[in-house]
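Close look at the chain arrangement
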Amino acid sequence: MMMKAQDIMTTDVVTIRGSATVADAVDLMNDMGLRALIVDRRHDQDAYGILTETDIVYKVIAYGKDPKKVRVYEIMNKPCIVVNPNLGVEYVARLFANTGIRRAPVIKDKLLGIISITDILTKGDFLEKPKSVVLEDEIRKAVEEARAVCAQKGPTSKECAAAWDIVEELQAEAAHQRAEKLSKTAFEEYCEEYPEAMESRIYES
């Protein structure tokens, strides 16, 4: 079973008001041993913000500003990128890679936790269950299932087409992870054996 963000997130989230000073934020981060703080919403429809140590260094210290006179809301990132608790860990990692962020709040209706690169490295199961290996196993099983369905229902049946759709989605995901272009799908290989199967992919509009 794929690990999700909620499985590895830190649930003890420390928040701070946007009106607090950066000096207050630094004191809180030092006291709690944190590298980021979630900024509270002003009301239920408001978005969450995030303040990181990088924001403080790049936007306050680098310009010689007085952290006692700069407010959190002036330098925080808001709205910040958020993660759904049901998002698979490898997709969280990909989100981080594509956006260059290192942590994000986990939110579904309300703040549930925070997930970071450190959580992925220390709590993830990528060592025991690398996604590429899991995907290849899923693809193999899906191909067997598709061939069984097509043998029973016929290569031109809608059931056969639907079964190969599942295979192709998995193969596309595996190719995306490897950053490779898929040269030939399992369905195309199947069609070399059963050319009539191609008719099943002509869907009625």
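Please refer to the structure placed before this passage.
As the structure is a computational prediction, the values presented were derived from the model and not from experiment. (Residues numbered from 1 in each chain as written. Predicted model: local features only at pLDDT ≥ 70, side-chain atom pairs only at ≥ 80, totals over all residues. Heavy atoms only, no water.)

1. Structural notes on the overall build of the chain
Stated precisely, the cut-off is as follows: Working definition: helices are DSSP H or I runs of at least four residues, strands are E runs of at least two. Numbering for both runs from the N terminus. Burial here depends on accessible area, computed with a 1.4 Å probe over protein chains only, as a share of the maximum for the residue type. Under 20% is buried, over 50% is exposed, and the range in between is partly exposed. It only takes one pair of heavy atoms within 4.5 Å for two residues to be counted as in contact. Surface accessibility follows the Shrake-Rupley procedure with a 1.4 Å probe radius. Residue values consider only the protein chains on display as shielding.
When its secondary structure is counted, the chain shows nine helices and five strands. Starting at the N terminus and ending at the C terminus, the chain contains elements arranged as α-β-α-β-β-α-α-α-β-β-α-α-α-α. Relative to its full complement of 205 residues, the chain shows a buried share of 39%. Here the analysis covers contacts within the chain between residues at least 6 apart in sequence; of these, 58% occur between residues at least 24 apart. When the accessible surface of the chain is totalled, it reaches about 12600 Å², and 52% of it is carbon and sulfur.

2. Details of the nonpolar core
In plain terms, the rule: Working definition of a nonpolar core: buried Ala, Val, Leu, Ile, Met, Phe, Trp, Tyr and Cys residues. They are joined through side-chain atoms within 4.5 Å.
Membership of the largest hydrophobic core comes to 17 residues, with the highest contact counts inside it found for Val143, Trp164, Val167 and Tyr190. Where this core is concerned, the elements lending two or more residues are α7 (131–153), α8 (158–178) and α9 (186–193). Formed by 15 residues, the second largest nonpolar core is a distinct cluster that contains Ala20, Ala25, Val60 and Val70.

3. Overview of the sheet that holds strand β2 (residues 36–39)
Strand pairs in the sheet, formed through backbone hydrogen bonds, run parallel or antiparallel to each other. Stated precisely, the cut-off is as follows: In this analysis, strands are considered paired if DSSP registers two or more bridges between them.
Taking strand neighbours across the sheet as the criterion, the three strands line up as β1-β2-β3 in an open arrangement whose pairing is mixed. Only two strands of the sheet have a single neighbouring strand rather than two, namely β1 (15–16) and β3 (49–52). By the bridge criterion, four bridges tie β2 to β3 in an arrangement that is antiparallel. Bridged to Val39 within β3 is Gly49.

4. Here's the deal with the pairing of strand β4 (residues 103–108)
Taken across its six residues, β4 has five buried, putting it largely inside the fold. As judged from the six bridges shared by β4 and strand β5 (residues 110–116), these two strands associate in the antiparallel manner. Opposite Ala104, over in β5, you have Ile115 as the bridge partner. Counting the residues between successive antiparallel strands, the hairpin from β4 to β5 contains one residue, one of them, Asp109, with a positive phi of roughly 75°.

Function cannot be read off these values alone, since they describe shape.
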